[in-house]
Structures are given as structure tokens and as C-alpha cells.
Amino acid sequence: MAGSTAVIDPAVPEPLTPAQLAELQEAWADLAVAAKDSAVKSFHACTRNGKPWQEDPASVRSMAAMLRSFPAEASSADTKPAG
């Protein structure tokens, strides 16, 4: 048989480079701030491409942006009784 074939196991992710790891850590720090400032108490997320969203900086930042759309101040103002 001529040539060779490589089999890549999708369950075993490539290790992150130091730059990728730094970017992921920055994204998680951004998410932590957004979560602290948000009225959201918990959330559940999933992925569509088979890679965990928690390991993708763009996905983590998207979650942070979503949490920012639910600010804690707006939630507490909405729940105060009128008058």
C-alpha cells in the first residue's frame, strides 16, 4: 500500500499553546466579571462543533456578552414594588 494515513481521534484535543492558553484565561476572566455584574445566577451552554465551549475563547466571550445583557441593576429595579 502506497502512502500513509493518519487517524485523528476527535476525543483527544490538541494541547493549547501558551498564547492560546493566555487568550482562554483572559476570556474566562472577562466571563467572571460579566457573571458578577449580571442578574443571571446560573446558565447552561453547549456546543455545535463538538469542541467544548469552555475551551474556546470566542465562545467564552460570547457567553460574557450574553450575561452583560442581563445587568443586575436592571433586574433589581424590575422587581421592586411600585409606589
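The sections below set out a description of the structure shown in this document. These figures come from a predicted structure and were not determined experimentally. (Residues numbered from 1 in each chain as written. Predicted model: local features only at pLDDT ≥ 70, side-chain atom pairs only at ≥ 80, totals over all residues. Heavy atoms only, no water.)

For Phe43, the location among the structural elements is in the loop between α1 (18-36) and α2 (57-68). Measuring from C-alpha to C-alpha, the distance between Phe43 and Met63 comes to 9.4 Å, with 20 residues separating the pair along the chain. For Phe43, the contacting residues outside a window of four places in its chain are Leu31, Trp53, Met63 and Leu67. (Helix = DSSP H or I, 4+ residues; strand = E, 2+ residues; numbered from the N terminus. Contact = heavy atoms within 4.5 Å.)

Judged by nonpolar contacts, Leu24, Ala27, Leu31, Ala34, Ala45, Trp53, Val60, Met63, Ala64 and Leu67 together constitute the single largest core of 10 residues. When contributions to this core are tallied by element, the ones reaching two or more residues are α1 and α2. Setting aside chain neighbours within four positions, we find Ala45 in contact with Trp53 and Met63. (Core = buried A, V, L, I, M, F, W, Y, C linked by side-chain atoms within 4.5 Å. Buried < 20%, exposed > 50% of the residue type's maximum accessible area, 1.4 Å probe, protein only.)

All right, on to the side chain of Ser38 then. Considering the arrangement of structural elements, one finds Ser38 in the loop between α1 and α2. Take Ser38: its relative accessible area is 5%, and that puts it in the buried class. Separated by 2.9 Å, the side chain of Ser38 and the backbone nitrogen of Val40 make a polar contact. Residues within four places of Ser38 in sequence aside, it is in contact with Leu67, Phe70, Pro71 and Ala72. (Polar contact = N/O pair within 3.5 Å; in protein donor to acceptor, adjacent residues only side chain to side chain.)

Let's shift gears to the packing of aromatic side chains. Throughout the structure, instances matching the rule amount to two aromatic pairs. Between the aromatic rings of Phe43 and Trp53, the centroid separation amounts to 5.9 Å while the plane-to-plane angle is 55 degrees, which identifies the pairing as tilted. One end of the pair, Phe43, is in the loop between α1 and α2; the other, Trp53, is in the loop between α1 and α2, with 10 residues separating them in the sequence. Residue classification places Phe43 among the partly exposed positions, given a relative accessible area of 36%. Each residue in the set Trp28, Phe43 and Trp53 is aromatic and connected to the rest through ring pairs, giving one cluster. (Phe/Tyr/Trp six-rings, centres within 6.5 Å; stacked < 30°, edge-to-face > 60°.)

As enumerated under the stated definition, the model contains three salt bridges in all. For Arg68, the salt bridge is made with Asp30, and the minimal N-O distance between the two is 2.2 Å. Of this pair, Arg68 sits in helix α2 while Asp30 is found in helix α1, placing the two residues 38 residues apart along the sequence. For Asp30, a relative accessible area of 25% gives the class partly exposed. Here the residues in one salt-bridge network are Glu23, Glu26 and Arg61, joined through shared partners. (Salt bridge = Lys/Arg side-chain N within 4 Å of Asp/Glu carboxyl O.)

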